[in-house]
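# A look at the structure
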Amino acid sequence: MSRKNIAAGNWKMNTTIEEGIDLAQLIAGAERSKEVITILGVPFTHIYPLQKKIKVSSKVLLAAQNCHHKTSGAYTGEISPTMLAAMKVPYVIIGHSERREYNHEDNALLAAKLRAALDAGLKVIFCCGEALDIRKAGSHVSHVKNQLVESLFQLDAKEMKNIVIAYEPIWAIGTGETASPAQAQEMHAAIRSMLQIKYGKRVAENTSILYGGSVKGNNAKELFSQPDVDGGLVGGASLNGAEFVQIINSF
Ligand code: PEP
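As the structure is a prediction and not an experimental result, all values here were calculated from the model.

## Quick look at helix 2 (residues 44–53)
- Looking at helix 2, one finds that the buried residues are H46, I47, P49 and L50.
- On its buried face, helix 2 is in contact with helix 1 (17–29), strand 2 (37–42), strand 3 (61–64) and helix 3 (81–86).

Here it is in structure tokens:
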């Protein structure tokens, strides 16, 4: 996967199946001004109905919001990457800050999830990002570096073609506070340089890095125009079809 424009929605624990179908149909049917990979991160329950109801094509792809790190076993309530791959779900989101916080997912567990997801044949949107106190202390770049080193950088260069990175400062998620375009660009450039040091120029230039954190219809254009911002991972605004289409058309 080379570097592409990507608009990814993260519906989190929102919408009934019927509401999700309506939303996905609106997004799938919308005109696009440019080639943009559109990904909808939907609840597990919605995957099969959406596959049946919307034309899952290069216009709209689905992502699961999480998966377990084992293929199968006595893990009540969990979904394995093998199950997702068998359903032909192309993407899974791993490492979202809400899962890091509420489900205590640490870098070691996320490394295991990455391994399992790639072994099953899934592509991964891997999230990283710092909390407000870390940003205030000025250690945001080293914090994100540590997240990448302890999870993502176990992968080899060839596997990186199946990875999209989402930089999501926690202080900007669901708060209405967005990182400024300059703040986003600073971190995205830093991540690309970490990729270059670890994997070389080709991987660094071909890896899509998304920004996430209160992306809206009215700020997406400026964020996406930054040289190292290849798109967005969008929570709240992805639940509004018209606004998400506006975001898709902000490249
Ligand atoms: C997210 O959930 O990944 C996210 C960035 O949420 P929001 O756009 O609502 O800040």
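Still more to cover.
## As for the site of the ligand
- The full set close to the ligand counts 14 residues, and K12, E168, G174, S214 and G235 are the nearest of them.
- A distance of 2.8 Å separates an oxygen atom of the ligand from a polar atom in the backbone of S214.
- In this structure, G236 approaches the ligand through a main-chain N or O atom, which is 2.9 Å from an oxygen atom.
- Contact with the protein chains covers 98% of the free accessible surface of the ligand, which is 300 Å².

## What about the pattern of salt bridges?
- In the structure shown here, the tally under the stated rule is 11 salt bridges.
- As a salt-bridge pair, D228 and R3 come within 3.8 Å of each other at their nearest N and O atoms. Here R3 lies in the segment before strand 1 (6–10) and D228 lies in the loop between helix 10 (220–224) and strand 8 (231–234), a separation of 225 residues in the sequence.
- Owing to a relative accessible area of 13%, D228 belongs among the buried residues under this scheme.
- Look at the salt bridges and you will find they share partners, linking R3, R192, D228 and D230 into a network.

## Quick look at the packing of helix 1 against helix 2
- The contact between helix 1 and helix 2 brings their axes to 10 Å, and the two run at 45°. Taken together, the axes of helix 1 and helix 2 are oblique relative to one another. Of the two elements, helix 1 crosses helix 2, and the hand of that crossing is right-handed. Touching I17, G20, I21, A24 and Q25 of helix 1 are T45, H46, P49, L50 and K53, all from helix 2.
- In terms of residue class, the contact of helix 1 with helix 2 is made up of 5 nonpolar, 4 polar and 1 charged.

Calculation rules
- Residues numbered from 1 in each chain as written.
- Predicted model: local features only at pLDDT ≥ 70, side-chain atom pairs only at ≥ 80, totals over all residues.
- Heavy atoms only, no water.
- Buried < 20%, exposed > 50% of the residue type's maximum accessible area, 1.4 Å probe, protein only.
- Helix = DSSP H or I, 4+ residues; strand = E, 2+ residues; numbered from the N terminus.
- Contact = heavy atoms within 4.5 Å.
- Near = heavy atom within 4 Å.
- Polar contact = N/O pair within 3.5 Å; in protein donor to acceptor, adjacent residues only side chain to side chain.
- Areas by Shrake-Rupley, 256 points an atom, 1.4 Å probe, with all protein chains shown as cover.
- Salt bridge = Lys/Arg side-chain N within 4 Å of Asp/Glu carboxyl O.
- Axes fitted to C-alpha atoms, helices over the stretch in contact; angles between N-to-C directions.
- Parallel < 35°, antiparallel > 145°, perpendicular 65-115°, else oblique.
- Left-handed = near helix turned anticlockwise from the far one by under 90°.
- Nonpolar A, V, L, I, M, F, W, Y, C, P; charged D, E, K, R; others polar.

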